[in-house]
Amino acid sequence: MLGVVDVFSPTAPPRGARGLHRFANPGRFLRLAGRVLPWASGIGLLLAAIGLAWGLFVAPADWQQGDAVRIMYVHVPAAWLASAGYMALASASAVALVWRHPLADLAAVEIAPVGAGFTAICLITGSLWGKPMWGAFWVWDARLTSVLVLFFLYLGHIALTRAFDSPERGYRAGAILALVGVVNLPIIKFSVDWWNTLHQPASITLTGAPTMYLGMLWPLLFTALGASFIFVALVLARLSAAVMERRIRALLAARAEGT
Amino acid sequence: MKRKHRRLAIVLACGLGLGSAAALTLFAFRDNLVFFVTPSDLASRGHAGETLRLGGLVAAGSVQHATIDGQPAVRFRVTDGRSSVSVSYIGVLPDLFREGQGVVTLGTLAPDGGFVASEVLAKHDETYMPKDVVEALKKSGHWQPAAGPPPPAATWNTLPATRNGG
Amino acid sequence: MTHLAYILPAYAVALLIPALFAGDAWRRLRRARARLLVLEGGRRR
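Everything numeric in this text was worked out from a predicted model, so none of it was measured. (Residues numbered from 1 in each chain as written. Chains lettered and ligands numbered in written order. Predicted model: local features only at pLDDT ≥ 70, side-chain atom pairs only at ≥ 80, totals over all residues. Heavy atoms only, no water.)

**Observations regarding the overall build of chain A**
Phase 1 of the analysis: Scanning chain A from terminus to terminus reveals seven helices and zero strands.
Phase 2 of the analysis: Along chain A, from the amino end to the carboxyl end, the secondary structure elements read α-α-α-α-α-α-α.
Phase 3 of the analysis: Counting only C-alpha atoms and orienting by the principal axes, one finds that chain A spans roughly 70 × 35 × 35 Å.
Phase 4 of the analysis: For chain A, the residues scored as buried account for 56% of the 259 residues in total.
Phase 5 of the analysis: Summarising the internal contacts of chain A: among those between residues at least 6 apart in sequence, 75% fall at separations of at least 24. (Helix = DSSP H or I, 4+ residues; strand = E, 2+ residues; numbered from the N terminus. Buried < 20%, exposed > 50% of the residue type's maximum accessible area, 1.4 Å probe, protein only. Contact = heavy atoms within 4.5 Å.)

**Digging into unusual backbone geometry**
Phase 1 of the analysis: A positive phi angle, close to 55°, is found at Arg-100 of chain A, a residue other than glycine.
Phase 2 of the analysis: One can find Arg-100 of chain A in the loop between α2 (72-99) and α3 (102-133).

**Some remarks on the interface of chain B and chain A**
Phase 1 of the analysis: Contacts between the two partners involve 47 residues from chain B, matched on the other side by 46 residues from chain A.
Phase 2 of the analysis: Both sides of the chain B and chain A interface together cover about 3900 Å² of buried area, and 62% of this is carbon and sulfur.
Phase 3 of the analysis: Across the chain B-chain A interface, the total number found is zero salt bridges.
Phase 4 of the analysis: Scanning the region where chain B abuts chain A turns up 22 residue pairs in polar contact (both at pLDDT 80 or more).
Phase 5 of the analysis: Residue composition of the side of chain B that touches chain A, by class: 28 nonpolar, nine polar and ten charged. (Buried area = accessible area lost by both parts, 1.4 Å probe. Salt bridge = Lys/Arg side-chain N within 4 Å of Asp/Glu carboxyl O. Polar contact = N/O pair within 3.5 Å; in protein donor to acceptor, adjacent residues only side chain to side chain. Nonpolar A, V, L, I, M, F, W, Y, C, P; charged D, E, K, R; others polar.)

**As for the packing of aromatic side chains**
Phase 1 of the analysis: Applying the stated criterion across every chain, the model contains ten aromatic pairs over all chains.
Phase 2 of the analysis: With a centroid separation of 5.6 Å and an interplanar angle of 80°, the aromatic rings of Trp-63 of chain A and Trp-143 of chain B are classed as edge-to-face. Note that Trp-63 of chain A is positioned in the loop between α1 (26-58) and α2 and Trp-143 of chain B in the segment after α4 (131-139), a pairing that runs across two chains. In this structure, Trp-63 of chain A and Trp-143 of chain B share a single accessibility class: buried.
Phase 3 of the analysis: Where Phe-76 of chain B meets Phe-97 of chain B, the ring centres are 5.0 Å apart and the plane angle is 65°; that geometry is what we call edge-to-face. Taken together, the positions of Phe-76 of chain B in strand β3 (residues 71-79) and Phe-97 of chain B in the loop between β4 (84-90) and β5 (102-109) put the pair 21 residues apart, joining distant regions of the chain. Like Phe-97 of chain B, Phe-76 of chain B is buried. (Phe/Tyr/Trp six-rings, centres within 6.5 Å; stacked < 30°, edge-to-face > 60°.)

**A word on the pattern of salt bridges**
Phase 1 of the analysis: Per the stated rule, a full pass over the model turns up seven salt bridges over all chains.
Phase 2 of the analysis: Across the pair Glu-110 of chain A and Arg-238 of chain A runs a salt bridge, and its minimum N-O distance is 3.1 Å. Here Glu-110 of chain A is found in helix α3, whereas its partner Arg-238 of chain A is found in helix α7 (residues 214-258), with 128 residues between them in sequence. For the pair shown, Glu-110 of chain A and Arg-238 of chain A are each scored as buried.
Phase 3 of the analysis: Glu-40 of chain C serves as the salt-bridge partner of Arg-247 of chain A, at 3.5 Å between the closest nitrogen and oxygen. Separated into two different chains, Arg-247 of chain A in helix α7 and Glu-40 of chain C in helix α1 (residues 4-44) make up a pair that spans both. Here the two residues Arg-247 of chain A and Glu-40 of chain C agree in accessibility, since each one is buried.
Phase 4 of the analysis: Among the ionic contacts, a cluster of salt bridges with common partners joins Glu-110, Arg-238 and Glu-245 of chain A together with Asp-24 and Arg-28 of chain C.

**Regarding the domain arrangement of chain B**
Phase 1 of the analysis: For chain B, the assigned domains read domain 1 (3-32), domain 2 (34-123) and domain 3 (126-166).
Phase 2 of the analysis: Between the C-alpha centres of domain 1 of chain B and domain 3 of chain B there is a distance of 44 Å. (Domains from an automatic or database assignment.)

**With respect to α2 of chain A**
Phase 1 of the analysis: The end-to-end C-alpha distance of α2 of chain A is 39 Å, a good match for the 40 Å that 28 residues give at a rise of 1.5 Å each.
Phase 2 of the analysis: Just beyond α2 of chain A, the residue with positive phi is Arg-100 of chain A, at close to 55°. (Expected span 1.5 Å × (residues − 1).)

**Some thoughts on the side chain of Thr-119 of chain A**
Residue and element names in this part refer to chain A.
Phase 1 of the analysis: Take Thr-119: it is sitting in helix α3.
Phase 2 of the analysis: Owing to a relative accessible area of 0%, Thr-119 belongs among the buried residues under this scheme.
Phase 3 of the analysis: Among the polar contacts made by the side chain of Thr-119, one reaches the main-chain carbonyl oxygen of Gly-115 at a distance of 2.7 Å.
Phase 4 of the analysis: Not counting chain neighbours up to four residues away, the residues in contact with Thr-119 comprise Ala-82, Val-147, Leu-150, Phe-151 and Tyr-154.

**What to know about the packing of α3 of chain A against helix α4 (residues 142-161) of chain A**
Pairs of packed helices are described in terms of their axes, by the angle between the two and the distance that separates them.
Residues and elements named next belong to chain A.
Phase 1 of the analysis: The geometry of α3 relative to α4 is characterised by a closest axis approach of 9 Å and an angle of 150° between their N-to-C directions. Of the possible angle classes, the one that applies to α3 and α4 is roughly antiparallel. The interaxial crossing formed by α3 with α4 has left-handed handedness. Between α3, through Ala-108, Val-109, Ala-112, Pro-113, Gly-115, Ala-116, Thr-119, Ala-120, Cys-122 and Leu-123, and α4, the contact on the second element is made entirely by Val-147, Leu-148, Leu-150, Phe-151, Tyr-154, Leu-155, His-157, Ile-158 and Thr-161.
Phase 2 of the analysis: Counted by class, the contact of α3 with α4 contains 15 nonpolar, four polar and no charged residues. (Axes fitted to C-alpha atoms, helices over the stretch in contact; angles between N-to-C directions. Parallel < 35°, antiparallel > 145°, perpendicular 65-115°, else oblique. Left-handed = near helix turned anticlockwise from the far one by under 90°.)

**Looking at the pairing of strand β6 (residues 115-123) of chain B**
Residues and elements named next belong to chain B.
Phase 1 of the analysis: Bridge count between β4 and β6: three bridges; the pairing is parallel. By the bridge assignment, Ser-88 is partnered in β6 with Val-116.
Phase 2 of the analysis: Strand direction decides the pairing type here: β5 and β6, joined by eight bridges, are antiparallel. Opposite Val-103, over in β6, you have Ala-122 as the bridge partner. (Pairing = 2+ DSSP bridges.)

**Overview of the packing of α1 of chain A against α7 of chain A**
Residue and element names in this part refer to chain A.
Phase 1 of the analysis: Here α1 crosses α7 at 155°, and the two axes come no closer than 7 Å. The pairing of α1 with α7 is recorded here as roughly antiparallel in orientation. Note on packing geometry: the crossing formed by α1 with α7 is left-handed.
Phase 2 of the analysis: Of the residues belonging to the contact of α1 with α7, the class tally is 26 nonpolar, eight polar and one charged.

What follows is the structure in structure tokens.
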């Protein structure tokens, strides 16, 4: 487990540090992440497995779409997490820019690839759903195009944070891109309401009852919740690794200086 | 003002500027952001020979099938409730095509006001329902799918259904 | 089941991509822990 890193006390935060900076101590973060990680992965895998089996083998087929509707159980959670992940990326970037939190830069760098992965799932499964139902793998309507833009924002962030010799400048550029891209999130959400699109409007909204049979809604909620836990677990694992890798670089640099 | 407060103010100000710029841009280009126009749009500003996407619902009782040169051909009316346009199409229709269903067709407006489609895409709505439930609603007279949108979900989302939907 | 040709690849992609991420994260964690153990151990001795 992560116990091995408990012993070091790197860059101890000033006494009485409060608020977010309580988690600025990398050792404390690693201990916390090490405790949360097995639970998040376990719960995520369990919920996702139940939801997927339920959706594939138990839930009823749709009267129009037949069994193709089962693609929903992977497509919709991926779509939700693509947007939620970007929200997390933007929040980490804001914390990094404004409060200079030492973990926030690393968090942004580690969230972006996971978010890009879930956006890719959303785009690919959506395409595989669109062909048999709509009659096209891809159309340039506002919903599909804005999600493709989201994918490129993630890729741009990944490229930008690695494009500079000094990581600090890469973090800064990436954070600005992430915040600028937030404009795309309401466009994705409301594209189906603001403009005529081929993509249908949301079935599950905060304001009204879901327009979905309950026997289909339940497995969807399971896969969505499971996928969220898996997303969190992936980010925590990557962030823990990144914190340790930074510690390794610091130790190597100190050693090189000492000799 | 502390430095982090100044940074916060800068970020918020940039966000406000960017947000309004984006909103204005989207508003200015709103006509180009729609994927299709409706029959009402077409009635008010359609020109013959123009290539565009026309979207709406397939009017109940309007679908006529035929065969032209061994190819399946179909003629139907697309309506948005206020206005409707006659569409002709030669080719294979998507599985979801039916009366009362949403469609988006790519084609040109003919001088006679009809629409000649080269591509028909099915647009499904946000309702997900098993076949058993649809049959039950039809039998009880609560919903005829060709006639309009389904009743509120609370009236049907717990009706019994089998896995294949009957 | 209808549309299996679309359902199966969709589920495969949805399982494969997170699995690749999980494998990568696990390898990174293991490598970083091992290197830290060596470096920290060396420093304390």
